[in-house]
Amino acid sequence: MEIVPELVSYGPVTCLNVTGVGEPGGAEHVSAIGALYAVAGAMGGGAGPLEGLWWVEDDRPALQVPRESWRWHLLLPLAGVPEPGVVERAREVSRSSGAAVDRVRVATFTEGECVELLHVGPYSEEHRSLAVMDAFMAERGLVANGPHHEVYVTAFDHPEPRTVLRQPVRVGGATT
C-alpha cells in the first residue's frame, strides 16, 4: 500500500518543550525525553504523543550534517494552556527523578499549512518518505517554511515504528 502525502493545516498547539542539540537517541536527547515525561507525569494530565521539531544550522542538506549537530525541540502536546504555577510545581515534584526538569518549558506554536505523511518502518528509512514529500511539494510549488516535524506514533523501540512526518510549507520563494 502506497502512502501519499497530504496538505493539512495546524493551528496553535501548547506543549511542554525541551530544546537541545545532538543525535536522536544520544544522551542529550534521551535526557530531554525523560525530563518531559517526568514533568508531564507530575502535572497529572494527559500529554503526548512525543513530537520533535528538527533542523540544522548549516548550509548542507540536513541529512548530510553529522547527527551530533542536529538541533531539536522535543514536545509533548498538552490539552490546553496550564494554569499559572502548574509547570513550576510539577518541576519541583519531579526534580527527585534525576531528570533535567529545569529545561522543560511551555511553548505554543502554530505551523499553518503542512505537507504530512505517515512513515511506517525504521527511522533510518525516513529519507525515502521525505523524498516523496519533497516531490509532492515541488509539484505544487511549495517550499519548506519551518523545521521538519515528527510525531512518534509508536514507542522508539517498537519493531515496526510509525512516524507522522510533517513539513510546514508556503508557496514558492526561499526557505525560511
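Rules behind the numbers
Residues numbered from 1 in each chain as written. Predicted model: local features only at pLDDT ≥ 70, side-chain atom pairs only at ≥ 80, totals over all residues. Heavy atoms only, no water. Helix = DSSP H or I, 4+ residues; strand = E, 2+ residues; numbered from the N terminus. Rg over C-alpha atoms; globule rule 2.2 N^0.38 Å. Buried < 20%, exposed > 50% of the residue type's maximum accessible area, 1.4 Å probe, protein only. Contact = heavy atoms within 4.5 Å. Lys, Arg positive; Asp, Glu negative; His and termini not counted. Charge placed at Lys NZ, Arg CZ, Asp CG, Glu CD. Core = buried A, V, L, I, M, F, W, Y, C linked by side-chain atoms within 4.5 Å. Salt bridge = Lys/Arg side-chain N within 4 Å of Asp/Glu carboxyl O. Polar contact = N/O pair within 3.5 Å; in protein donor to acceptor, adjacent residues only side chain to side chain. Disulfide = S-S within 2.5 Å. Expected span 1.5 Å × (residues − 1). Arc of directions from axis to C-beta.

Q: Help me understand the overall build of the protein in this model?
A: Each helix and strand counted, the protein has three helices and nine strands in total. Overall, the protein shows an N-to-C arrangement of helices and strands of β-β-α-β-β-α-β-β-α-β-β-β. Expected size for 176 residues packed as a compact globule is a radius of gyration near 16 Å; at 17 Å, the protein falls within 12% of this value. When its C-alpha atoms are laid out on the principal axes, the protein stretches across 50 × 35 × 30 Å. Relative to its full complement of 176 residues, the protein shows a buried share of 39%. The long-range share in the protein, meaning contacts at least 24 apart out of those at least 6 apart in sequence, stands at 75%. Charge separation in the protein, taken as the distance between the mean sites of 13 positive and 23 negative side-chain charges, equals 4 Å.

Q: Please explain the nonpolar core as it appears in this structure.
A: Buried together is how nonpolar side chains tend to be arranged in soluble globular proteins. In terms of nonpolar packing, the biggest core is built from 23 residues, with L16, L36, V39, L50, L74 and V104 touching the most fellow members. Ranked by the residues each element gives to this core, the list is headed by helix α1 (residues 27-43), at seven residues. When neighbours within four sequence positions are excluded, V39 is seen to be in contact with L16, V87, A90, R91, S94, V101 and V104. If you look at the next biggest cluster of nonpolar residues, it comprises nine residues, including M133, F136, A144 and V169.

Q: What am I meant to see in the side chain of R91 here?
A: Checked against the element boundaries, R91 lands in helix α2 (residues 86-94). No salt bridge forms around the buried R91; measuring N to O, its nearest opposite-charge neighbour E88 is 4.6 Å away. Among the polar contacts listed, one links the side chain of R91 to the backbone oxygen of V104, at a separation of 2.9 Å. Contacts of R91, omitting those with residues within four sequence positions, involve V39, V101, D102, V104 and R105.

Q: Got a minute to help me understand the state of the cysteines in this structure?
A: Working definition of a disulfide: a covalent bond connecting the sulfur atoms of two cysteines. Here the structure, examined in full by the defined rule, presents zero disulfides. Cysteine C15 is unpaired, with the sulfur of C114 as its nearest cysteine sulfur at 13 Å. We classify C114 as buried; its relative accessible area is 0%.

Q: Any chance you could explain helix α3 (residues 126-139) here in plain terms?
A: Because an α-helix packs 3.6 residues into every turn, residues spaced three or four apart end up facing the same way. Under the 1.5 Å per step criterion, the end-to-end length of α3 is 20 Å for 14 residues, consistent within 8% with the ideal 20 Å. Those residues of α3 that fall on the buried side of the exposure criterion are E126, S129, M133, F136 and M137. All buried residues of α3 fall inside an arc of 100° around its axis, so they share one side. Turned more than 90 degrees away from the buried face of α3 sit R128, A138 and E139, all of them exposed. Next to the buried residues of α3 lie β1 (6-10), β6 (112-120), β7 (142-144), β8 (148-152) and β9 (162-171).

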